[in-house]
Amino acid sequence: MAENSEIKSSDYAIECKEITKTFGTVVANDHVDLSVKYGEILALLGENGSGKTTLMNMLSGIYHPDSGSINVLGKHAVINSPADSIALGIGMIHQHFKLVEAFSALDNIIAGTPGKLKKRSALREDISAISEKLGLNVDLNKKIYNMSVSEKQTVEILKVLYRGAKILILDEPTAVLTPQETEKLFDMLRIMRSEGCAIIIITHKLNEVMAISDRVTILRKGQSVETVLTAETNEKKLTELMVGKPVSLSIERPEPIDPKPLLNVYHLSVDKPDGTVALEDVTFDIYSGEILGVAGVAGSGQKELCETIAGLNGIRSGAVLYNKENIIGKTAKEIIELGISMSFVPEDRLGMGLASSMGMTGNMMLKSYSKSKGPFIDKKPARELAERLIKELDIKTPSTEIPVRMLSGGNVQKVLLGREIESAPSLLITAYPVRGLDINSSYTIYGLLNEQKKKGVAVLFIGEDLDVLLELSDKIMVLCHGRVTGIVDAKTVTKEQLGLMMTGSTAEEVLGNG
Amino acid sequence: MAEQAVQNREKFRIRISKRAEVGTKKAVLFRAISVAAAIIAGGLFILCIGYNPFSVYGTIIKGAFSTSMAFQATVKVMIPLLISSLGVTLAFKMKFWNIGAEGQIIAGAICASYFALFHADLPHFLLMIIMFAAGIIGGGLYGLIPAFFKAKFGTNETLFTLMLNYIALYVIVWLRDGAWADPESGGFPKIARFVSNAQLDKVGGIQVGWIIGLILTVIVFIYLKYTKHGYEISVVSESHATARYAGMNPKKIMLRTMFFSGAVCGIAGMVQATGSDMTLATSVAGGVGFTAIIVAWLAQLEPIAILIVSFLFSVLEKGSSVMQSTFGLSTYCADVLQGIILFFVLAGEFFIRYKFVVNGKERN
């Protein structure tokens, strides 16, 4: 459709003007302007729900704008489907990879293209030519399910490049990577930039914006607030633009008061339902009044660890002692009654802790409904609790009966965490409590966790943002493939050291080497 | 501009997209429109086959309401439909796709009929209680079978309950042609008519099933909305993981709810056999178990709405049978008419949830 060869580098690769997109009554994009040149990396910065992904989905043909125009290479473009988008030379790398697990890298790269008709050896040469140019190293015969997250991402990138993409869009590409892998990805992007690609990278991590981008476009509440040159700004200014007001970016870390061991996990081994190892010989202690952070690449056994302590999983061997009493073999209900509260939030926030189509009232009762006498439920205390939480935690909802799935991410997290804290737990397990939250809500959540800590509650905090883990936790346990590679002091360890442990080096190796 | 127009024409396509949740007012309006459209489309069909739509519709209404006899017959159609719709609703609320109401109705009817045929000498009131209990247990256990296998082996409940329908049906045939055959029928395959002691009493000229139906409506309403069991059902329907997290036992809840679902359907079978048919016939369920699924969904699984919808369905059913005989229409014409009406009503539900989008411009 477009002739890529006749483009001067100063021309805009993509120019979006006045793009508006609404979903029902929600305005996801409100007259958004955005442009990116060839040979440039543009960071698209914004909090969750500010409309970043919606905008990019319109460029990749998944949504269609209600109004506004998209110009590709100076020409008006109508992008009705992903096929149109690919034909225009736009390639999107989604946050959740779109790869066929059972296929090899090669098959995934050529899927849906006429490449199937060519000889394998010719294909291999074509793809190797691309990957060599970028310094990529991929085993084309390797099956996707055998690959690490960063290898999968490389395959995704090769996939769009093979389709002739000169404009790359990456949706939160670093969310699942270790610091070392992130650095590798950035090197790759820098080479692509010098090859003349236009790159848009979606992120909400400020340090990454500063490290990789040439310009930054900031979205706030669906509007494009400003576009600035990276060289002329700093993290503080960007935060202010993103949030709309000055915010302090430091997290408090009160000293633990009188810590006593509360939960001891001894040589715990757990298998997944399919028989593979989830946790192997995990041993650690949690102290009262202390936040124990858990770091690890997604899927390193965090989920199983939470579920086992909450009594939802069977184990292979080991023991979990709570106040010196083994809780293995107890039902979830008995463990709740002991005062262990799990506000476990899996990838989809509403998956386990909340019943998504019930209102706040219904969700407040989730763990306490059986306590009332007789066959009937008592909604009154639950409604009162819901109303109190709305006031105390500033939860934005039209009423206590609106299904929680209709609330925004931050409010959902507050509902969940508020309920758990209200049950006055002595151990609070929380996984990814700020996933999908804006900065303000995130800090509210950190504040809530610190408040619990001051009350002497032991907190197990499964996190993904290493910066936050380092600032909030007292100790950090690192998991890799279900094994503990180290339990370190959060005040002294560095992000790089954590990154090495996340990929399998032990604490002795990492800290010993310095 | 011209180039763009050409490009647009090439790219002309219709997409379906999800609507934002509509308000109650708009939803009621959509439903009213779809009912009106249904009546008009049905009228066109009647016109096409050469009759006056107004007189045909008039006959349907008259056929269902004109005399007290007609009204009683309408209610009689409604009783099993209402009760079994309530039954499947219990399972559907849990997202357990119980397509087996037909079989559970039959199972309840068979168990109740055993006492009607072989213990008819018991005191009337005691016999009725026993038959009622037999209906509950028969239907309940029949509903428990697919739930047990789903809990134990993860079998698909849709296929399982569907197949059990046929098994139940042929059990009646087997009984009719064998152990329970009526010796006085002169070789005609049927089961003996229940003696009057084993027949359900009448209240207001209609068998007492209508009162049972109303009571069950209230019970199911309260059960789902205000009891712990009802709360557990709605949590399990959300996700088994959430239920386990809250300390519930989803398998136990599934078994219990399916027992109740089958039990209510079993009551429908008992009431139909002893109150309306006065015998156990192969037609005791007669498709009611399937119609109940439609009724339950049209009523959005709300017991009070089920009462209304099942009544309207019965009017249509009873009225069409009068229409058939008055105009000499074939059964199929009545079925087509019912189908048209149903189609439009369901389409209305579709438009409450979705809208058409033509190339970015929205159309309703």
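Keep in mind that what you see is a predicted model, and the values were worked out from it rather than measured. (Residues numbered from 1 in each chain as written. Chains lettered and ligands numbered in written order. Predicted model: local features only at pLDDT ≥ 70, side-chain atom pairs only at ≥ 80, totals over all residues. Heavy atoms only, no water.)

In this structure, what is going on with the packing of aromatic side chains? I would like to understand it.
Each aromatic ring pair is specified by the distance between its two centres and by the angle formed by the two planes. All names here are of chain B. Under the criterion given, the structure shown has 21 aromatic pairs over all chains. Taking the centre distance of 6.2 Å and the plane angle of 25° together, the rings of Phe65 and Phe71 count as stacked. Phe65 sits in the partly exposed class, given a relative accessible area of 35%. On the basis of relative accessibility, which here comes to 35%, the residue Phe71 falls in the partly exposed class. Aromatic side chains Tyr114 and Phe115 sit 5.2 Å apart centroid to centroid with 80° between the ring planes, which places their arrangement in the edge-to-face category. By relative accessible area, which is 23% here, Phe115 ends up partly exposed. Taken together, Tyr114, Phe115, Phe118 and Trp180 form an aromatic cluster joined through their ring pairs. (Phe/Tyr/Trp six-rings, centres within 6.5 Å; stacked < 30°, edge-to-face > 60°. Buried < 20%, exposed > 50% of the residue type's maximum accessible area, 1.4 Å probe, protein only.)

How should the domain arrangement of chain A be read in this particular structure?
Interfaces are often sized by the amount of accessible area the parts lose when they come together. All names here are of chain A. With domains assigned, chain A is organised as domain 1 (4-243) and domain 2 (261-357 + 424-513). Placing a centre on the C-alpha atoms of domain 1 and another on those of domain 2 gives a separation of 33 Å. Across the contact, twelve residues belong to domain 1 and 15 residues belong to domain 2. Between domain 1 and domain 2 the total buried area reaches about 990 Å² when both faces are included, carbon and sulfur atoms providing 63% of it. (Domains from an automatic or database assignment. Contact = heavy atoms within 4.5 Å. Buried area = accessible area lost by both parts, 1.4 Å probe.)

It is not clear to me how a nonpolar patch on the surface should be interpreted in this structure. Could you clarify?
All names here are of chain B. On the surface, Leu159, Met163, Tyr166, Tyr170 and Phe290 cluster together to form a nonpolar patch covering roughly 530 Å² of accessible area. Of all the elements, helix α7 (residues 157-177) adds the most residues to the nonpolar patch, at four residues. Among the residues examined, Tyr166 registers a relative accessible area of 41% and is labelled partly exposed. (Patch = residues over 30% accessible without salt bridge, like charges linked within 9 Å, V, L, I, M, F, W, Y side chains within 5 Å. Areas by Shrake-Rupley, 256 points an atom, 1.4 Å probe, with all protein chains shown as cover. Salt bridge = Lys/Arg side-chain N within 4 Å of Asp/Glu carboxyl O. Helix = DSSP H or I, 4+ residues; strand = E, 2+ residues; numbered from the N terminus.)

For this particular structure, what's the right way to read the domain arrangement of chain B?
Residues and elements named next belong to chain B. When its domains are assigned, chain B resolves into domain 1 (18-51 + 329-364) and domain 2 (77-313). Summarising the inter-unit geometry, the C-alpha centres of domain 1 and domain 2 are found 31 Å apart. Contacts between the two partners involve six residues from domain 1 and, on the opposite side, four residues from domain 2. Taken together, both faces of the contact between domain 1 and domain 2 bury some 370 Å²; the carbon and sulfur share is 69%. Our count for the domain 1 to domain 2 interface comes out at zero salt bridges.

How should the packing of helix α6 (residues 124-153) of chain B against helix α11 (residues 250-277) of chain B be read in this particular structure?
A pair of packed helices can be characterised by two numbers: the angle between their axes and the separation between those axes. Residue and element names in this part refer to chain B. For the pair α6 and α11, interaxial distance at closest approach is 6 Å and the crossing angle is 140°. The pairing of α6 with α11 is recorded here as oblique in orientation. Judged by the sense of rotation from one axis to the other, the crossing of α6 with α11 is right-handed. A breakdown of the residues in the contact of α6 with α11 according to their chemical character gives 18 nonpolar, seven polar and two charged. (Axes fitted to C-alpha atoms, helices over the stretch in contact; angles between N-to-C directions. Parallel < 35°, antiparallel > 145°, perpendicular 65-115°, else oblique. Left-handed = near helix turned anticlockwise from the far one by under 90°. Nonpolar A, V, L, I, M, F, W, Y, C, P; charged D, E, K, R; others polar.)

Looking at this structure, I do not really get unusual backbone geometry. What am I missing?
For residues that are not glycine, phi is negative in most cases, and the peptide bond is trans in most cases. Residues and elements named next belong to chain A. Phi angles above zero are rare outside glycine, and Asn323 is one such case at about 50°. The topology assignment puts Asn323 in the loop between β14 (317-322) and β15 (325-326). Not every positive phi belongs to a glycine, and Asp394 is a case in point at roughly 55°. You can see Asp394 is positioned in the loop between α12 (379-392) and α13 (409-422).

Looking at this model, I keep getting lost on the nonpolar core. Mind explaining?
It is characteristic of soluble globular proteins that their nonpolar side chains tend to be buried jointly. Counting residues in each nonpolar core, the largest one holds 148 residues, and the members touching the most others are Met360(A), Ile476(A), Leu498(A), Ile83(B) and Tyr231(B). If you tally residues by element for this core, the top one is helix α4 (residues 68-93) of chain B, at eleven residues. Each residue touching Tyr231(B), except ones within four places of it in the same chain, is listed here: Met358(A), Gly362(A), Asn363(A), Met365(A), Leu366(A), Tyr369(A), Ile377(A), Leu224(B) and Met248(B). Among the nonpolar cores identified, the runner-up in size contains 46 residues, and Leu123(A), Leu161(A), Ala165(A) and Ile218(A) belong to it. (Core = buried A, V, L, I, M, F, W, Y, C linked by side-chain atoms within 4.5 Å.)

Would you mind showing me how to read the confidence of the model for chain A here?
In low-pLDDT regions, the fine details of the predicted coordinates are not to be read closely. Mean pLDDT over chain A works out to 85, with 96% of the residues at or above the 70 mark. In this model, residues 1-10 of chain A is a region of pLDDT below 50 whose contacts with residues beyond four sequence positions or in other chains number twelve contacts. (pLDDT = per-residue confidence, 0-100.)

Explanation requested: helix α16 (residues 495-502) of chain A in the structure shown.
Side chains three or four residues apart in an α-helix point the same way, a direct result of the helix having 3.6 residues per turn. Among the residues of α16(A), those classed as buried are Gln497(A), Leu498(A), Gly499(A), Met501(A) and Met502(A). Two residues or fewer after α16(A) comes Gly504(A), characterised by a positive phi angle close to 120°.

Teacher, can you tell me more about the pairing of β14(A) here?
Strand residues, when the strand is regular, have side chains that alternate between the two faces of the sheet. Residue and element names in this part refer to chain A. Pairing of strand β11 (residues 261-271) with β14 involves five bridges; the strand directions are antiparallel. Note that in β14 the partner of Leu263 across the bridge is Tyr322. Sheet analysis places β14 next to β15, joined by two bridges and oriented antiparallel. Pairing of Tyr322 across the sheet is with Glu325, part of β15. The loop that links β14 with its antiparallel partner β15 comprises two residues; one of these, Asn323, has a positive phi angle of about 50°. (Pairing = 2+ DSSP bridges.)

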